[in-house]
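A structural walkthrough
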Amino acid sequence: MSVVLKIVKKALPSVSAYFVIFFVLIVIMSFFSGKDQEKMYQATELTIYAEDKEASVLSKALLTYLAQENEVETEYDKELLSDLIFAGMVDYVVYVEDGFEESFLAGEKGGIERLSTKPNMAYVDQKIEMFFQYVRAELAMGKEMEEACASVLKNTEHRAVTEVLSGRDAMSTRPGYFFFTFLAYIIPCILIMILGPVMHAFYRKDIKMRTDCGKVSVRKQNIEVVKGIVVVAILVWALFMGLGAVIYHRDFTMAEYLLGTLNSFTILLFSVAVSVVLGVLLPSVDALNGASNILGLGMSFFSGVFLPEHLLPDYVNIIGEFLPAGWYMKNVRLLNVENAATTHFTEFLVNCGIITAFAVAVFFVFLVVVKRRKAA
Amino acid sequence: MNTVVKIENLVKRYKELVAVDHMNLSIKKGEIFGLLGPNGSGKSTIINCLLSLTEYDKGEITVFGEKMRADNYSVKGRIGVVLQNVAVFDELTVYENIDYFCSLYIKDKEQRKTLVQEAIAFVGLEDFTKFYPKKLSGGLLRRLNIACGIAHKPELIIFDEPTVAIDPQSRNKILEGIMELNRQGATIIYTSHYMEEVEQLCSRIAIIDKGQLVATGTKDELKSMIQTGETIRVEVPELTSEALFGLQKLSHVISVEYNDGLAIIKCSGGRHNVLHVLEYLSNTGTSFGRVFAEQPTLNDVFLEVTGKELRDEVQ
């Protein structure tokens, strides 16, 4: 077992970077998530300065239409507006002159002046052109101007409803949420990098030949290696769980934290299994480092570790169903539901069972690889 | 002398290939026994079978009077192995490596400490005990490899091509070390395709080709098995056909070849062969330059018994 620990000790410097990344990530995510997300959404409104000299049915309808999604100012200090235009601080100005409606009915574009000192002009221009098209369409149906404008205003008054899902039903604002989330990334990476070299060393063909010649039985030697691996894996897990308990104990109830701990234990089992397989299969320690990055980042991306599930394309979420980290993340999301410990307990355990099944399957692969090597 | 290793009728197949073909060997206590043969002749396979690292199809192997099996740990404890490839942990220092491999045989820490120190001193790695293998040169790595195999003071030590790809100085150091281990009482099995090494080191030699035992005996016994007793090379600028014919007629001369001004005369075991050849050349008025006389080598033995050069096979 001491040899296992010595090999792990040699791998620790390269792993320390992962610890740093992990804690920087959760600190950053915790900081941003601490703000009230409902306040983070605000629909953009432009300030439109308007003057309607004509005051026709069409011009009034146009200003009403613009006011549906923007702030339309009709009473303002004209000198101030001149200053604002000069300073380039005006979103949009619309000036309707006499003969606007007449010009419109004649199919011309006269009677209206528009101005903007910001890049928003194209957007408001487009909105105004759309309004004209709607009115023309209504008029083409044989309606009078008043009726046509009323119809257009009625049809366009509906705005898209934007609702921010609040609190624990969506993305949690609790920093502890990110702690458990990023464990799905950090535990496989770290274990591959520290346990992979152990397996790689002990299953190197020439070393295996030499150890097989020893007086100590192969079984006893294997037990020593297994003991070392178990101790290291438990130490890594206990380190994270201990830190999590110290830093985030206020974010969770005891039951929630215990469930999170159980969940992380299953991902630990899977990570150990993957580490031993890769350690035996890959040709070098450098290859193991590469594999830890590919597997850690890849699995985390497809499982929604880095981005919330609802922001990911459907196909990514489907791929996540075939990854243990995907099931792990389901459980982490369950932890954000109020009273998850009681209401979703069975579902939580089933998910844990699925992750454990992944671990067993990978470990079975390890046994097959070792058996085949022995036969060769 | 007691028999340490006895291999009877050993057969090992890899699918269609017969790697070891009805091999019989007997190695006595205190010998340095050489297994000589070209690459792929089956030397390492014999060693792997002997150590129960691989299963074999037929035959029986007895070591120290006990049947060798993978779980015969009492016998394994009396064997030391120095494999062809340097088999050490890159993550452990020189001391830690030797200590770990010694721990596979010796449980007692204090005893092991002494043995590790002795092994380090034996291979001359005292100044490198805290070095990691990657910091060692090829020669030092080979010495570490040997130290890992002998630290527990085994009675039988198997060296599988321990001098491949190292400099002559390290090679000599290793060969001297092996002879010292033998003097200290260890029985040695030494496999190599370097016939000079085997000839210099081994008290008995088995020549192996294509998995078969071609010949076995001391180097003198092996050389006496072949017709060639002495090879004389004479630089002769011009050699007439009459003179060539006359050389062939000399007593003890087996064959004469003449190419590019060099006459190669192979003689059987008679005495004064060089004198007779030179007398004949003088009498026939044939001028000659430098003269070389060589006793038969293991290459000659290999050539005569297999019909091919051992050197060629190696290359």
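Residues numbered from 1 in each chain as written. Chains lettered and ligands numbered in written order. Predicted model: local features only at pLDDT ≥ 70, side-chain atom pairs only at ≥ 80, totals over all residues. Heavy atoms only, no water.

The next thing to look at is the sheet that holds strand β4 (residues 58-63) of chain B. All names here are of chain B. Ordered by their spatial adjacency, four strands build an open sheet running β2-β1-β4-β5, and the pairing between neighbours is antiparallel. The open sheet has two edge strands, β2 (17-28) and β5 (66-67), and neither has a second partner. Running at roughly 115° to strand β1 (residues 3-14), helix α1 (residues 43-50) makes contact with β1, β2 and β4 of the sheet. (Pairing = 2+ DSSP bridges. Helix = DSSP H or I, 4+ residues; strand = E, 2+ residues; numbered from the N terminus. Contact = heavy atoms within 4.5 Å. Axes fitted to C-alpha atoms, helices over the stretch in contact; angles between N-to-C directions.)

Another aspect to go through is a positive patch on the surface. Taken together, the side chains of A:K215, A:R219, A:K220 and B:K107 present a region of like positive charge at the surface. Here A:R219 lies in helix α9 (residues 218-248). Relative accessible area serves as the criterion here: at 63%, A:R219 is assigned to the exposed category. (Patch = residues over 30% accessible without salt bridge, like charges linked within 9 Å, V, L, I, M, F, W, Y side chains within 5 Å. Areas by Shrake-Rupley, 256 points an atom, 1.4 Å probe, with all protein chains shown as cover. Salt bridge = Lys/Arg side-chain N within 4 Å of Asp/Glu carboxyl O. Lys, Arg positive; Asp, Glu negative; His and termini not counted. Charge placed at Lys NZ, Arg CZ, Asp CG, Glu CD. Buried < 20%, exposed > 50% of the residue type's maximum accessible area, 1.4 Å probe, protein only.)

Before going further, it helps to examine the nonpolar core. Soluble, globular proteins show a tendency: their nonpolar side chains are buried together. With 155 residues, the main nonpolar core has A:F180, A:L183, A:I194, A:F202, B:V63, B:I79 and B:I98 as its most contacted residues. Broken down by element, this core gets its largest block of residues, 21 residues, from helix α7 (residues 175-202) of chain A. Excluding its chain neighbours within four sequence positions, the residues that come into contact with A:F202 are A:V3, A:V4, A:I7, A:I207, A:K208, A:V225, B:F89 and B:Y100. (Core = buried A, V, L, I, M, F, W, Y, C linked by side-chain atoms within 4.5 Å.)

What follows concerns the pairing of strand β3 (residues 32-36) of chain B. Residue and element names in this part refer to chain B. Burial within β3 is extensive, with five of its five residues counted as buried. In β3, alternate side chains face the same way, and those of I32, G34 and L36 on one face and F33 and L35 on the other are all buried. Bridge count for β3 against strand β8 (residues 187-192) is five bridges, and the pairing is parallel. Across the sheet, residue L36 finds its bridge partner in β8, namely S192. Bridge analysis of β3 against strand β9 (residues 204-209) gives four bridges, and the strand direction is parallel. Residue pairing in the sheet places G34 in a bridge with I205 of β9.

To continue, consider the sheet that holds strand β11 (residues 230-235) of chain B. Residues and elements named next belong to chain B. Read across the open sheet, the four strands follow the order β12-β13-β11-β14; overall the sheet is antiparallel. For this open sheet the edge positions go to β12 (253-259) and β14 (291-294), each flanked by a neighbour on one side alone. Ignoring which end each strand starts from, the neighbouring axes of this sheet average 15° apart. Inspection of the sheet shows β11 paired to β14 by four bridges, in the antiparallel sense. Looking across to β14, one finds that V234 is bridged to V291. This element, helix α10 (residues 273-283), spans β11, β13 (262-267) and β14 of the sheet and lies at about 30° to β11.

Here we come to the packing of aromatic side chains. Within a pair of aromatic rings, the relevant descriptors are the distance that separates the centres and the angle that separates the planes. Tallied over the full model, the rule gives 24 aromatic pairs over all chains. Both rings, one in A:F104 and one in A:F132, keep their centres 5.5 Å apart while their planes meet at 45°; by these two values the pair is tilted. Taken together, the residues span a long stretch of sequence, with A:F104 in helix α4 (residues 100-105) and A:F132 in helix α5 (residues 121-140) at a distance of 28 residues. By relative accessible area, A:F104 is classed as buried at 4%. Owing to a relative accessible area of 7%, A:F132 belongs among the buried residues under this scheme. An aromatic cluster is built from A:Y65, A:F100, A:F104, A:F131 and A:F132, whose rings are joined through pairwise contacts. Its guanidinium or amino end placed over the ring of B:Y132, A:K10 lies 4.0 Å from that ring's centre, counting from NZ or CZ. Note that B:R171 overlies the ring of B:Y194, its terminal NZ or CZ placed 4.3 Å from the centroid. (Phe/Tyr/Trp six-rings, centres within 6.5 Å; stacked < 30°, edge-to-face > 60°. Lys NZ or Arg CZ within 6 Å of the ring centre and 35° of its normal.)

Residue and element names in this part refer to chain B. The full count for this structure, using the stated rule, is 21 salt bridges over all chains. Across the pair E294 and R233 runs a salt bridge whose closest N-O atoms are separated by 3.7 Å. Residue E294 is found in strand β14, and its partner R233 is found in strand β11; the two are separated by 61 residues along the sequence. On the basis of relative accessibility, which here comes to 27%, the residue R233 falls in the partly exposed class.

Glancing now at the domain arrangement of chain A. Looking at chain A, the domain boundaries give domain 1 (2-31 + 170-375) and domain 2 (47-156). The centre of domain 1 of chain A, based on its C-alpha atoms, is set 61 Å off from the matching centre of domain 2 of chain A. (Domains from an automatic or database assignment.)

Let us now look at the interface of chain B and chain A. Each partner contributes to the interface: chain B provides 27 residues, whereas chain A provides 21 residues. Of the roughly 2,300 Å² buried at the junction of chain B and chain A (both faces included), carbon and sulfur atoms supply 66%. Summed over the shared surface of chain B and chain A, the result is two salt bridges. A salt bridge links A:R204 to B:D90, with the nearest nitrogen and oxygen atoms 3.8 Å apart. For the pair chain B and chain A, the number of links is nine residue pairs in polar contact (both at pLDDT 80 or more). Elements that contribute at least two residues to the side of chain B that touches chain A include exactly α2 (73-76), β6 (79-82), α3 (94-103) and α5 (138-150) of chain B. (Buried area = accessible area lost by both parts, 1.4 Å probe. Polar contact = N/O pair within 3.5 Å; in protein donor to acceptor, adjacent residues only side chain to side chain.)

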